Each structure stands twice: as C-alpha cells, then as structure tokens.
Amino acid sequence: MTDDIRTKKLINAPEDIITHALEGMIAAHPDMLTIEGATGRAVVAKDGPRDGKVGVIIGGGSGHEPAFAGYVGRGLADAAAVGNVFASPSPEQILDAAKAADGGAGVFFLYGNYTGDVMNFDMAAEACERLGIPARSVQVTDDVASAPKGREDERRGIAGDFFVFKIAGAAAEQGRDLDACVAAAQSANDNCRSMGVALTACSMPQTGKLNFEIGHNEMEIGMGVHGEPGMRRGPLETADAVTDELMGMILDDMALDTGDEVAVLVNGLGATGQLELYIIHRRVAQILAERGVSIHYAWVGEYCTSLEMAGASVTLLKLDADLKNLLDTPCRTPALTVAGALAPKGTRTARHHESAAETTRIDRSLLKTDGIITPERFRTMMLAVADAIFANRDWLSELDGVIGDGDHGVTMDIGFAAVRQGFDTPRDETITQMCDRMGKVFLDAVGASSGPLYASAFQSAGAAVSDRLNLDAAAMVAWIEGLSDGIVARGGACVGEKTMVDAYVPAVNAAKAALGAGADITDCLNAATIGAKEGRDYTATIESKRGRSKKLGDRSIGHMDPGAASAHVILATLQKAVSAF
C-alpha cells in the first residue's frame with residue numbers, strides 16, 4: 001500500500017538537515033560564502049556587502065536548491081535567509097541577513113509571493129525600520145497557473161525568482177539607489193512568466209511520505225514548487241505536447257511581438273535530467289522562432305527545484321535595453337556565474353544594530369489568584385500540546401499535502417518542539433510571561449505562516465490574562481479568545497475562508513456560551529473542543545479563499561483544512577489535560 005511507502009534520502013537526522021546542508025555548502029564555497037548572525041540561517045557573500053551599496057536579501061524555504069542560498073555572491077544577492085523545508089525563514093533569520101547586508105543605503109527583500117513569506121519578511125522589514133535600516137520588498141509573481149490575467153498580484157513565485165533576483169542584484173552592483181533597485185526588480189517581475197508540469201510527487205524529509213498521489217502515467221500541469229496542485233491532471237504526453245501547452249499559457253499571458261527578445265529558463269524540478277530538459281528547450285526555441293522572437297540567452301538545468309519531484313518549468317523574461325544590460329552584468333555565485341570583470345571589492349564597515357531590550361516587571365501581589373490553572377499546570381498543558389502535535393504530525397502533513405505543500409504537521413511540530421525545549425527548565429514566570437516566550441521561540445523556530453500566526457496568538461492570549469496569576473473558567477475562555485484574536489489580527493482571515501479561523505471562532509463562541517450558562521473550566525474547554533471540531537469538519541465542505549489552497553478553487557472542496565485540524569488537536573489536548581487536574 002502507498003501509505004506504507006517511505007522514500008529514501010541521504011540524510012543523518014531530519015532535525016539536522018538544514019544545519020548539515022549549510023555546513024556542507026560553506027565548506028564547498030569558502031571563497032564566496034559565510035554564515036553570519038545568531039540564528040545560523042543567514043548565508044552571506046564574503047565580497048558582496050559593502051559601504052554605500054543597497055543590500056540585496058533573498059530567501060525562502062529549503063528544498064528548492066540551489067535556490068536560495070546558491071544565488072548569494074558578488075553581483076547577485078548579498079545574503080539569503082534560509083528557512084526550513086518548504087517554510088519561510090523567520091523574521092529573526094531574515095533580520096540576521098539584513099544586518100549582514102546593510103551597507104548604509106538600505107536593504108531590499110526579494111521572495112516568492114506566499115502567505116508565510118509575506119508575513120515573515122514584513123515583520124523583518126518592520127524590525128529593520130526600528131533599527132534605522134530602510135527596507136523595501138518585491139514579491140515574485142511569475143506563475144501564470146496560479147491566478148488569471150488581471151490578478152497578477154495573487155500569483156505564486158516559482159522559477160521566475162532566478163531572473164528577478166539576477167536583475168535586482170545587478171542593479172545594486174551597479175550602484176543604483178534603493179528606489180532604482182526596486183524599480184528594476186519590479187520591471188523584471190512584470191515581464192516574467194512561468195508555467196510548470198509535475199510528473200511525480202516529492203516527500204518531506206521528516207515524514208518520508210509522498211506529498212500527494214499521482215498515477216504512474218499521469219502529469220499535472222501548473223503544479224507549484226511545493227507540490228501545490230495545478231490547473232489540470234491528465235495522461236502523460238510527449239515532451240513537445242507538454243511544452244506546447246506550457247508555452248501556450250505563457251504566450252497567452254505575455255505580449256510578445258516579432259522582433260522582441262527574451263531570456264529563457266528551462267528548469268528541472270529535482271528528478272528530471274538534463275537530457276529531457278534540452279528536449280523541452282528545443283521545442284521552446286522552435287515556438288519562439290516561429291513568432292519571430294529571438295533568445296538573448298538561455299539557461300537549462302536545475303535552478304529552483306522541489307526536492308526530488310520529477311517535472312520541469314519554462315520561464316520567459318521579456319527584455320528591454322535596461323533588463324538586458326542588467327542580465328548581462330557579471331556575477332559570481334555557487335549556482336550562477338555571468339562572465340566579466342567584477343569591480344574591486346569595496347570597504348565593508350562593521351555596523352552595530354542594537355534595539356532596546358524590553359523588560360516587563362510584574363507585581364504579583366496585584367494578580368488574581370483564583371482558578372485551578374496555576375503557571376505550573378499551564379506549563380504541563382503546553383507540554384501535552386507539544387506531545388499531541390508530534391503524535392499527529394504525519395496526519396496533519398498528509399492533510400496539507402492534498403491542498404497545500406505538505407509541511408503543516410512538520411512545521412507545527414518544529415514550533416512546539418521549540419516550546420517544549422524552552423520549558424525543559426521550569427522558570428518562575430506568570431502565564432502571560434510564558435505566552436510571550438512561547439510566541440518568540442515558536443516564531444524563531446518556524447517561520448512559515450504558522451510562525452507569525454501562532455506568535456501573535458500566544459502574545460494576544462497572554463495579554464488577555466495579564467491580570468491573572470491563575471486561570472479560572474472565565475480567564476481560560478478569555479485566553480482561547482485571545483488566541484483567536486491574535487490569529488485574525490495577524491493573518492486577516494475570516495470565517496468561511498477555509499483556515500484555522502474556522503475552528504477557533506466557533507470554539508470561542510461555544511466556550512463563551514458555556515461560560516454564560518455557568519459551566520466550569522473543564523466544561524468550557526469541552527465546549528470549545530466541540531466547536532473547533534465542528535468548524536474543522538465544516539472546512540471540508542467549503543472552497544478555500546486563503547493561502548496556497550486558494551489556487552485550487554472548487555478542487556479544495558472535500559478536503560479538511562490542516563490548520564483547522566491542528567487547532568482542534570490543541571484545544572482537545574488542553575481539555576484532556578485540565579480534566580486530569
């Protein structure tokens with residue numbers, strides 16, 4: 001049975017894959033790359049950052065190698081923030097990269113247009129501004145399959161990252177200011193289109209399970225680089241027929257006339273060899289020649305992969321004089337070298353980026369002490385949640401694999417494992433202080449979309465009970481409502497959009513109704529659990545309106561939202577733990 005199949009990977013331990021890969025990368029390219037910052041996730045060009053130059057920072061989840069760290073080097077990115085597999089880097093990891101790249105002329109973030117990346121990079125940009133570092137961002141939106149024409153700002157970023165990163169890095173290398181670098185990158189993004197096809201699934205290293213199922217004689221047109229389902233699934237066709245469909249979608253979306261010039265990227269997704277990629281490029285070149293469009297330069301190989309997925313994508317960048325000049329500007333990175341003379345290395349002055357540490361003193365004599373949930377019991381409850389998330393990790397990832405990228409269970413487990421580690425040694429803390437610490441360690445460990453959402457949730461929940469030492473029924477309900485409010489405030493989702501909010505809001509409503517009827521803390525939590533389960537199950541009946549699964553439209557109906565599922569796991573575990581007190 002396919003449920004019993006585990007993929008083979010040459011790793012040591014799943015929890016060490018990013019650290020070990022980065023160590024190997026730095027050892028392979030010691031002349032070009034180094035690691036800077038306390039998080040250990042900022043890969044920095046040795047001769048990139050310098051005084052007076054705009055700092056170019058790229059980033060995203062691992063599993064797409066050589067993206068993203070492979071494009072760090074002279075003339076391209078000054079630094080890359082490296083996230084967990086298929087998960088955005090955290091704000092702290094991004095901030096480490098920004099500090100390393102800061103040359104006093106501002107920093108510039110470039111990343112794919114995914115919910116988690118947008119939230120984490122926005123939080124990092126806010127942190128940069130607080131440190132006095134001007135920060136700007138451009139999201140790459142080249143994937144034609146992910147939204148129709150006229151809604152380009154909703155599209156995903158896939159292999160078009162390659163061209164947008166190259167153009168931005170060249171603009172900074174030429175000494176353009178921050179606004180001009182942003183304008184060049186935006187121009188590249190506006191003139192870049194991609195389409196992809198997947199032939200097989202990929203698998204998360206932590207689970208060893210395929211993210212989705214696809215028949216041995218099937219292909220999926222328009223699949224994303226995280227295994228997000230595409231536009232259509234059908235029988236495997238010839239290379240020419242597949243390329244005709246990919247190019248047809250691109251050319252319908254991109255205005256190309258006789259005499260125009262383009263750059264081409266034929267990109268392998270991880271398990272499709274150069275032999276097949278050249279066959280695809282053969283047909284791409286024929287189609288462009290038939291239209292009177294010339295190819296200025298073509299790259300054929302693996303530039304933005306999806307772990308071990310078999311498949312390919314085609315990307316076109318329509319060139320004007322400036323984009324052509326920037327594309328031809330020399331660079332030297334592990335994954336891309338454009339020949340030419342590089343200017344002498346400039347001066348890099350060490351900069352000290354300090355922010356005031358926030359310390360809050362709490363007068364415990366003013367806190368309310370009624371209620372059975374003491375800080376120590378609250379700690380026990382959170383450790384139980386961490387255990388429950390681990391136990392349900394694979395199931396949550398399987399749910400996510402159907403409508404997303406297959407990492408939700410893994411990501412939640414990484415976050416709660418960090419919480420567990422933080423709670424290994426008991427501290428004399430209030431519940432509010434514990435919540436603040438949980439939010440920080442979760443965010444630092446995870447990134448992705450879950451990181452900012454649960455960081456905001458824990459902080460909001462802690463603030464809701466800041467007048468308490470212990471929690472009674474009313475305070476417990478207020479804490480759950482704080483969780484929900486924090487998630488809504490950070491993510492902006494509403495009930496009916498197929499997200500974790502669909503579980504948390506009915507949980508809050510049910511708990512408040514029980515409290516109003518005189519229920520004790522156990523019964524309030526039981527009501528919340530029932531409400532969350534009803535909301536979780538409701539998500540299977542509706543179309544997704546948020547996140548990666550939004551691209552599926554009505555294909556998302558019939559599948560439970562993994563975030564709503566994990567919300568139910570959390571509340572059910574809290575109810576069980578309190579019942580045991």
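Everything below is about the structure shown above.
Residues numbered from 1 in each chain as written. Predicted model: local features only at pLDDT ≥ 70, side-chain atom pairs only at ≥ 80, totals over all residues. Heavy atoms only, no water.

Describing empty space enclosed by the protein
Part 1 of the reasoning: Counted by the stated rule, this structure contains five cavities of 30 Å³ or more.
Part 2 of the reasoning: Here the largest cavity is characterised by a volume of approximately 100 Å³.
Part 3 of the reasoning: As for the largest cavity, its lining consists of 17 residues, and the residues nearest its centre are Gly 61, His 64, Phe 68, Tyr 114 and His 226.
Part 4 of the reasoning: A total of three residues in the lining of the largest cavity trace back to one element, the largest contributor, which is strand 3 (residues 55-62).
Part 5 of the reasoning: Class assignment for the residues of the lining of the largest cavity results in six nonpolar, eight polar and three charged.
Part 6 of the reasoning: Reported here for the second largest cavity is a volume of approximately 60 Å³.
Part 7 of the reasoning: Taken together, Met 204, Thr 207, Lys 209, Leu 210, Asn 211, Asp 394, Ser 397, Glu 398 and Gly 406 make up the full set of residues lining the second largest cavity.
Part 8 of the reasoning: Looking at side-chain class alone, the lining of the second largest cavity contains two nonpolar, four polar and three charged residues. (1 Å grid on protein atoms, 1.4 Å probe; cavity = no way out; pocket = protein on both sides within 12 Å on 5 of 7 lines; lining within 4 Å. Points joined across faces, edges and corners; volume = space filled by probe spheres on them. Helix = DSSP H or I, 4+ residues; strand = E, 2+ residues; numbered from the N terminus. Nonpolar A, V, L, I, M, F, W, Y, C, P; charged D, E, K, R; others polar.)

Focus: helix 5 (residues 178-190)
Part 1 of the reasoning: With 13 residues, helix 5 ought to run about 18 Å at 1.5 Å a step, and its terminal C-alpha atoms sit 18 Å apart, in line with that.
Part 2 of the reasoning: Within helix 5 the residues assigned to the buried category are Leu 178, Cys 181, Val 182, Ala 184, Ala 185, Ala 188 and Asn 189. Here the buried residues of helix 5 occupy an arc of 160 degrees about the axis, which is enough to place them on one side.
Part 3 of the reasoning: The secondary structure elements touched by the buried residues of helix 5 are strand 5 (107-112), strand 6 (135-140), helix 4 (161-173), strand 7 (192-198), strand 12 (311-318) and helix 8 (321-328). (Expected span 1.5 Å × (residues − 1). Buried < 20%, exposed > 50% of the residue type's maximum accessible area, 1.4 Å probe, protein only. Arc of directions from axis to C-beta. Contact = heavy atoms within 4.5 Å.)

Quick word on the nonpolar core
Part 1 of the reasoning: Judged by nonpolar contacts, the single largest core of 71 residues is most densely connected at Tyr 71, Phe 108, Leu 110, Phe 163 and Trp 299.
Part 2 of the reasoning: Top element by residues in this core is helix 4. It accounts for nine residues.
Part 3 of the reasoning: Apart from residues no more than four positions distant in its own chain, Tyr 71 is found in contact with Ile 58, Pro 66, Leu 76, Ala 77, Phe 162, Phe 165, Tyr 303, Thr 333, Ala 335 and Leu 336.
Part 4 of the reasoning: Formed by 64 residues, the second largest nonpolar core is a distinct cluster that contains Met 382, Met 412, Val 501 and Ala 532. (Core = buried A, V, L, I, M, F, W, Y, C linked by side-chain atoms within 4.5 Å.)

Quick notes on the layout of surface pockets
Part 1 of the reasoning: Taken as a whole, the second largest pocket spans an internal volume of roughly 1,000 Å³.
Part 2 of the reasoning: In this structure, the second largest pocket is lined by 45 residues; those nearest its centre are Thr 115, Ser 449, Arg 546, Gly 547 and Arg 548.
Part 3 of the reasoning: Of all the elements in the fold, those that place two or more residues in the lining of the second largest pocket are helix 3 (115-130), helix 10 (393-403), helix 11 (408-422), helix 13 (450-464), helix 14 (473-491) and helix 17 (562-579).
Part 4 of the reasoning: Counting residues per element, the lining of the second largest pocket draws most heavily on helix 3, which supplies six residues.
Part 5 of the reasoning: Partitioning the lining of the second largest pocket into residue classes produces 14 nonpolar, 15 polar and 16 charged.

What to know about the pattern of salt bridges
Part 1 of the reasoning: The final tally for this structure, using the stated rule, is 38 salt bridges.
Part 2 of the reasoning: A salt bridge links Lys 512 to Glu 481; the shortest N-O distance between them is 3.1 Å. Here Glu 481 lies in helix 14 and Lys 512 lies in helix 15 (residues 501-516), a separation of 31 residues in the sequence.
Part 3 of the reasoning: Residue Lys 512 is classed as partly exposed on the basis of its relative accessible area of 40%.
Part 4 of the reasoning: Connected through salt bridges with shared partners, the residues Arg 50, Arg 74 and Glu 173 form a single ionic network. (Salt bridge = Lys/Arg side-chain N within 4 Å of Asp/Glu carboxyl O.)

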